[in-house]
Amino acid sequence: MIAFSGRTLKADNPAKYVNSPETEIYIKSRNLLGIYFAKAEMARQDRCILVEGNVDVVMMHQMGITNVVASCGTSLTEEQVRLIKKFTENVTIMYDGDKAGLHAAIRAISLILKEGMNPRVVFLPDGDDPDSFSRKHTREEIRDFIRDHEQDGILFKTELLLKDAGEDPLKKANLINEMADTVADIPDAIKRQVYVDTVAKQFEIESDIIQDRVRKTREQNRTKEQPRRETPVHPEVPSSSPEPATRRLLAQDQILRPSEEELLGFVLRYGRSPLQFETDSEFYDPEGSQTVAEFIDAALAADNIHFANQALEATYNAYFNLYDQGMEQDAIVLALLNGEDRMVAEVTANLSSEKYELTVHNFSDALTTTDSWLVTYVPRAILVYHDKRISARQADIKRKIGEASPEEVMDLMGRLTRLNEIKKTINIKLGRLKQ
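This is a predicted model, so every value here is computed, not measured. (Residues numbered from 1 in each chain as written. Predicted model: local features only at pLDDT ≥ 70, side-chain atom pairs only at ≥ 80, totals over all residues. Heavy atoms only, no water.)

### Examining the overall build of the protein
Here is step 1 of the chain: Of regular secondary structure, the protein possesses 19 helices and seven strands.
Here is step 2 of the chain: A buried classification covers 44% of the 435 residues belonging to the protein.
Here is step 3 of the chain: Total accessible area computed for the protein in this model is approximately 23,900 Å², and 51% of it derives from carbon and sulfur atoms. (Helix = DSSP H or I, 4+ residues; strand = E, 2+ residues; numbered from the N terminus. Buried < 20%, exposed > 50% of the residue type's maximum accessible area, 1.4 Å probe, protein only. Areas by Shrake-Rupley, 256 points an atom, 1.4 Å probe, with all protein chains shown as cover.)

### Quick word on the packing of aromatic side chains
Here is step 1 of the chain: For the structure on display, the rule yields 13 aromatic pairs.
Here is step 2 of the chain: Taken together, a centroid distance of 5.4 Å and an interplanar angle of 90 degrees make the contact between Y36 and F37 edge-to-face. Residue Y36 shares its accessibility class with F37, and that shared class is exposed.
Here is step 3 of the chain: Feature note: the residues F307, Y316, Y319, F320, Y323 and Y385 constitute an aromatic cluster, connected by ring pairs. (Phe/Tyr/Trp six-rings, centres within 6.5 Å; stacked < 30°, edge-to-face > 60°.)

### With respect to the sheet that holds strand β6 (residues 118-121)
Here is step 1 of the chain: Spatial ordering of the open sheet is given by β4-β3-β5-β6-β7, a layout of five strands whose pairing is mixed. Where the open sheet ends on each side, the last strands, each with one partner, are β4 (68-70) and β7 (151-152).
Here is step 2 of the chain: Here four bridges tie strand β5 (residues 90-93) to β6, and the two strands are oriented parallel to one another. Its bridge partner lying in β6, T92 is registered against R120. (Pairing = 2+ DSSP bridges.)

### Overview of the nonpolar core
If you look at soluble globular proteins, the nonpolar side chains tend to sit buried side by side.
Here is step 1 of the chain: Of all hydrophobic cores here, the largest spans 42 residues; its most connected members are V69, I93, Y95, I154, V183 and I210.
Here is step 2 of the chain: Per-element tally for this core: the top contributor is helix α4 (residues 99-114), with seven residues.
Here is step 3 of the chain: If we skip the residues at most four places from it in the chain, V183 touches I154, R192, Y195, V196, V199 and V214.
Here is step 4 of the chain: Of all hydrophobic cores here, the second largest spans 41 residues; its members include A299, I305, Y323 and W373. (Core = buried A, V, L, I, M, F, W, Y, C linked by side-chain atoms within 4.5 Å. Contact = heavy atoms within 4.5 Å.)

### Topic: helix α2 (residues 54-62)
Here is step 1 of the chain: Taken residue by residue, α2 has N54, D56, V57, M59, M60 and H61 as its buried positions.
Here is step 2 of the chain: The first or second residue beyond α2 is G64, which carries a positive phi of 95 degrees.

### Structural notes on the pattern of salt bridges
Any two side chains of opposite charge can pair, given that their charged atoms come close.
Here is step 1 of the chain: Under the criterion given, the structure shown has 19 salt bridges.
Here is step 2 of the chain: Where E41 meets R44, a salt bridge forms, and the shortest distance between an N and an O atom there is 2.6 Å. Residue E41 and its partner R44 are both found in helix α1 (residues 35-45); the two are separated by three residues, about one turn of the helix.
Here is step 3 of the chain: E41 sits in the buried class, given a relative accessible area of 15%.
Here is step 4 of the chain: With relative accessibility at 61%, the residue R44 sits in the exposed group. (Salt bridge = Lys/Arg side-chain N within 4 Å of Asp/Glu carboxyl O.)

### Brief notes about unusual backbone geometry
Here is step 1 of the chain: Located in the positive-phi region is D46, a residue other than glycine, with phi close to 55 degrees.
Here is step 2 of the chain: Among the secondary structure elements, D46 is positioned in the loop between α1 and β3 (48-51).
Here is step 3 of the chain: Residues other than glycine seldom take positive phi values, yet E204 does so here, at roughly 60 degrees.
Here is step 4 of the chain: Mapped onto the elements of the fold, E204 is located in the loop between α9 (189-203) and α10 (207-225).

### Brief notes about the side chain of D56
Here is step 1 of the chain: Note that D56 resides in helix α2.
Here is step 2 of the chain: Of the residues examined, D56 reaches a relative accessible area of 6% and is grouped as buried.
Here is step 3 of the chain: A polar contact is formed between the side chain of D56 and the backbone nitrogen of G53, at a distance of 3.2 Å.
Here is step 4 of the chain: Those residues in contact with D56, other than ones at most four positions away along the chain, are V51, D129, P130 and D131. (Polar contact = N/O pair within 3.5 Å; in protein donor to acceptor, adjacent residues only side chain to side chain.)

### A few points about the environment of T138
Here is step 1 of the chain: Within the secondary structure, T138 is located in the loop between α5 (130-136) and α6 (139-149).
Here is step 2 of the chain: With a relative accessible area of 39%, T138 lands in the partly exposed category.
Here is step 3 of the chain: The spacing of T138 and G64 is 74 residues in sequence and 9.6 Å in space, taken between C-alpha atoms.

### Overview of empty space enclosed by the protein
Here is step 1 of the chain: Applying the stated rule across the entire model yields three cavities of 30 Å³ or more.
Here is step 2 of the chain: There is about 80 Å³ of room inside the largest cavity.
Here is step 3 of the chain: Taken together, 10 residues line the largest cavity, and the ones lying closest to its centre are Q193, Q211, S259, V384 and K388.
Here is step 4 of the chain: For the lining of the largest cavity, the elements supplying multiple residues, two or more each, are α10, α12 (257-270) and α18 (370-401).
Here is step 5 of the chain: When the residues that make up the lining of the largest cavity are grouped by side-chain class, the tally is two nonpolar, four polar and four charged.
Here is step 6 of the chain: Computed from the structure, the second largest cavity encloses a volume of approximately 60 Å³.
Here is step 7 of the chain: As for the second largest cavity, its lining consists of I190, Q193, V194, D197, E262, Y377, R380, A381 and V384.
Here is step 8 of the chain: Counting residues per element, the ones that place at least two in the lining of the second largest cavity are α9 and α18. (1 Å grid on protein atoms, 1.4 Å probe; cavity = no way out; pocket = protein on both sides within 12 Å on 5 of 7 lines; lining within 4 Å. Points joined across faces, edges and corners; volume = space filled by probe spheres on them. Nonpolar A, V, L, I, M, F, W, Y, C, P; charged D, E, K, R; others polar.)

### Regarding helix α14 (residues 310-323)
Here is step 1 of the chain: Under the 1.5 Å per step criterion, the end-to-end length of α14 is 20 Å for 14 residues, consistent within 8% with the ideal 20 Å.
Here is step 2 of the chain: Burial analysis of α14 places 10 of its 14 residues in the buried class, the great majority of the element.
Here is step 3 of the chain: Listed in full, the buried residues belonging to α14 are A311, L312, E313, T315, Y316, A318, Y319, F320, L322 and Y323.
Here is step 4 of the chain: Capping the start of α14 is the job of one residue whose side-chain oxygen sits 3.1 Å from the backbone nitrogen of A311: N309. (Expected span 1.5 Å × (residues − 1).)

And the structure:
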């Protein structure tokens, strides 16, 4: 016990909650009410339920739902989110459904996403809070309600703000930018891409529009953060950000680079993981499964494709040189990190360090293992890359049309039409267009 927190009983007291004075060991913004009693269950269930009030915590614990904490009667802080992260990366926000509760939930979603965690939201029926709801229902009913009504944080935020925007085009445009900025806060590149596609689908716009805004926002955020970085990097420890020479190479071909990074990231993280396709999949091979690395390499080799970005292509080739020697996945990554080619080491450090956690509500029930996730997203990543390459070729053809003779224009228009047909087929497979 490091402090006390209580609900105000006197109506003339403006504060809803009264806490012990802050001390050297008790700083309100860095602690969570009930964390001592909740932490073991949070870790066991791999989930934290975050409520607003002290009484909410007490009543939920009395009901036997003990992975519940509150923010000591204050707005949620980054320090409190990081404290939760010590025990789980999955947070279910259960705030009051009034205007203040909705606003607090939206703010909490952003804080949780910035820490690379997975926010979900559940709101109780009108007029109820966790305290009153727990008095009316059994423990099993409460758990069933949470399971059946919680939704992904970003989907919740999008739906809520869409209702507020209505049919106002300017509000809707601002909302799209706001949601893209929210997605930009996600540190994991694969999570970001999943949410880019999801948000684009909700707004019924091209995912490239969201992706472009996300990229610009992340670049702006990095620029703002750079002047504040004063901690020196030890010369023997590779920096998490690319060296200048590597950075210049990574700046090549910004259209294709995100997709090439995604494919290389799959190779560096899951290269030797087998892809277990179902028998009804177009990728099923009765002679045996391929690994992630083999599947991606075969898909690129079939069209004689090489990465446009030199730094990524060099790292890709370095990986397969070691892969073909029969080295295990961890040994390959370690060899790349410690190799003489520091550009390859920098790229490997950036793309092999992030770990993917399934977060999107649409897939949370269907995809419960890494294996089942990989068979969906590895082929999808290849399709997205092909789509980007076609877009680049279309842009080049359109540029040439402006300079071509009438005879050449006819040929170029025919090539553009064929590319449009291929692009349409790819986007139907990606679910962006209906057949």
